[in-house]
Amino acid sequence: MTNILEEISKSCGCDTTYKPADFKVENDVRWCSGCGSYGILSQVQKILPELGVPKEKFVFISGIGCSGRFSYYVDTYGFHSIHGRPIAIASGLKLARPDLSVWVATGDGDCMSIGGNHMIHACRRNINLNVLMFNNEVYSLTKGQYSPTSQQGQVTKSSPLGVLEEPFVPAGLALGSGATMVGRGFDRDAAGMKNMFKAAHDHQGLSFIELYTNCVIFNDSAFDPFTSRQSRKEHTVNVEHGKPLVFGENDDKGIIMDGFKPKVVSLADGYSVSDFLVHDQHDVALAYIIAQMSYHNPELPRAMGILQSIVKPSYDQLTEAQIAHEQEAKGKPDVQKLLRGKDSWVVE
Ligand SMILES: Cc1ncc(C[n+]2csc(CCOP(=O)(O)OP(=O)(O)O)c2C)c(N)n1
Ligand code: SF4
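Here we summarise the structure given alongside this text. Counting of residues starts from 1 at the beginning of each chain's written sequence and follows it residue by residue. To label them, take the chains in the order written and letter them from A, then take the ligands in the order written and number them from 1. Given that the model is predicted, a residue must reach a pLDDT of at least 70 before its local features are reported, and side-chain atom pairs must reach 80 or more before they are shown or counted; all residues, however, enter totals for whole chains, interfaces and linings. Where side-chain values are given, they derive from all heavy atoms of the structure, hydrogens and water being excluded.

**Section: the overall build of the chain**
No. 1: Secondary structure elements follow DSSP: runs of H or I no shorter than four residues count as helices, runs of E no shorter than two count as strands, and numbering proceeds from the N terminus. A count of helical and extended segments in the chain gives 13 helices and 11 strands.
No. 2: For the radius of gyration, the atom set is restricted to C-alpha positions; the globular benchmark scales as 2.2 Å times the number of residues to the power 0.38. For 348 residues, the compact-globule estimate of 2.2 N^0.38 gives 20 Å, and the chain sits close to it at 22 Å.
No. 3: Dimensions of the chain, computed from C-alpha atoms along their principal axes, come out at roughly 85 × 45 × 45 Å.
No. 4: A burial count over the chain gives 47% of its 348 residues as buried.
No. 5: The criterion used for residue contact is that any of the two residues' heavy atoms lie within 4.5 Å. Taking all contacts inside the chain whose residues are at least 6 apart in sequence as the whole, residues at least 24 apart take part in 67%.
No. 6: We get accessible surface area from the Shrake-Rupley algorithm with a probe of 1.4 Å; when it comes to residues, only the shown protein chains can shield them. Surface accessibility of the chain: about 17400 Å² in total, with carbon and sulfur atoms responsible for 54%.
No. 7: When charges are counted, Lys and Arg contribute as positive and Asp and Glu as negative, whereas His and the chain ends are disregarded. Working definition for charges: the position is that of NZ of Lys, CZ of Arg, CG of Asp or CD of Glu. Put simply, the chain has 33 plus and 39 minus side-chain charges, and the middle of one group is 4 Å from the middle of the other. We call a residue buried when its accessible area falls under 20% of the maximum for its residue type, exposed when it is over 50%, and partly exposed in between, using a 1.4 Å probe and counting protein chains only.

If you want it as structure tokens, here you go:
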């Protein structure tokens, strides 16, 4: 599908030749040294020049949290909004200004706790937004309380005896809520983030991308099994449309389906790569299975990459079409006529 923003850029003849430096701010970036958010910021600044969109058409909307500072740190229009509300504000903006490329930077607390309701309904409506959820599995700005993605048993400032609840599986929640594009990546994986951010931009509808973000102060190394060089090949599988699910230190393991359950098998057991499950990003049921892998069975690897990407009309496209249809049938509304219509009266 042709990207509406690229069409606009072409037709207005705007100069869209930028460098990453054009999206860097002059002010200091004040995350802690070593914070995973730097890696995400750097990749966003690298891909923006490649999207062919005039700079003034980008908007980054963030909530409150360390992740919420993102909108200050990328040199575009932006809005540092209130806790839990960036998706609601971004939804309104996208409906009013469909020509803008609207991005949301949100934390796991911001998005899944106070903002959870906005998140699920934006997914269900398939509003054309790119949501980047910085998941550090903790509330960092407020100094280390547990969040809806904190691990069961995790000791935090607000769970001194360990978290009792099971955490959300963010990608599963997004899929279950109807998000049409869902991805998972991590702060150290430059190539993976680049690929997903571009795909999110091209996708017409809501893209939800969960990014494991290391918080060196309140939850350091929480994602090491999935992100460190030493262990990630054994604990993650990179999913790519049309490619088999191969993983392991020597690329010697794969996933097969045992009924409805994914299972790890090895080349050493006589399996070949052609036996392995092949990723289909258009398969909604498969995406859900892949998104859950490793959460309930640690033998399974955690899936990274674009878990699902399907095409459905977006809410903003439907809204525009509905308004155009009404205007064609009834003509453009006259505000004065509306204000002075039969339902107005004079107060004497
Ligand atoms: C309405 C409201 N409730 C609570 C807060 C306090 N508060 C600020 S940030 C935050 C949580 C941030 O956690 P997360 O979204 O995970 O972001 P992080 O700081 O970890 O990036 C909370 C509870 C607030 N600012 N506003
Ligand atoms: S407290 Fe954690 S999330 Fe916040 S800036 Fe520091 S390292 Fe990053």
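**Some thoughts on the site of ligand 2**
No. 1: Near, as used in this document, describes a residue that has one of its heavy atoms within 4 Å of the molecule or strand being considered. In the vicinity of ligand 2, the contacting residues are Trp31, Cys32, Cys35, Cys66, Asn136, Ser140, Cys215, Val216, Ile217 and Phe218.
No. 2: When its residues are assigned to classes, the shell around ligand 2 shows 8 nonpolar, 2 polar and no charged. Polarity classes work like this: nonpolar for Ala, Val, Leu, Ile, Met, Phe, Trp, Tyr, Cys and Pro, charged for Asp, Glu, Lys and Arg, and polar for all others, with Gly in that last group.

**Observations regarding unusual backbone geometry**
No. 1: Of note in this structure, Lys143 is not a glycine but carries a positive phi near 80°.
No. 2: Looking at the element boundaries, Lys143 is found in the loop between strand 4 (130–135) and helix 7 (170–176).
No. 3: The exposure class of Lys143 is exposed, given its relative accessible area of 52%.
No. 4: Even without being a glycine, Ser294 presents a positive backbone phi close to 85°.

**What about the environment of Met133?**
No. 1: The residue Met133 is located in strand 4 in this model.
No. 2: Separated by 90 residues in the primary sequence, Met133 and Gln43 place their C-alpha atoms 14 Å from one another.
No. 3: Among all residues touching Met133, those that are not within four sequence positions of it are Thr106, Gly107, Asp108, Cys111, Met112, Pro170, Phe208, Ile209, Glu210 and Leu211.

**Some points on the pairing of strand 3 (residues 101–107)**
No. 1: By the criterion of burial, strand 3 is predominantly enclosed, with 7 of the 7 residues buried.
No. 2: Of the two faces of strand 3, the one carrying Ser101, Trp103, Ala105 and Gly107 and the one carrying Val102, Val104 and Thr106 are both buried.
No. 3: In this structure, strand 1 (residues 58–62) lies alongside strand 3, joined through 5 bridges in parallel fashion. The residue of strand 3 that forms the bridge with Val59 is Val102.
No. 4: Paired strands are those between which DSSP finds at least two bridges. In terms of strand pairing, strand 3 meets strand 4 through 5 bridges, oriented parallel. Of the residues in strand 4, the one forming a bridge with Ala105 is Leu132.

**What about the side chain of Glu210?**
No. 1: You can see Glu210 is positioned in strand 6 (residues 207–212).
No. 2: The buried category is assigned to Glu210, whose relative accessible area is 0%.
No. 3: Excluding residues that lie within four positions of it along the chain, Glu210 makes contacts with Met133, Asn135, Pro170, Ala171, Gly183, Arg184, Gly185 and Tyr295.

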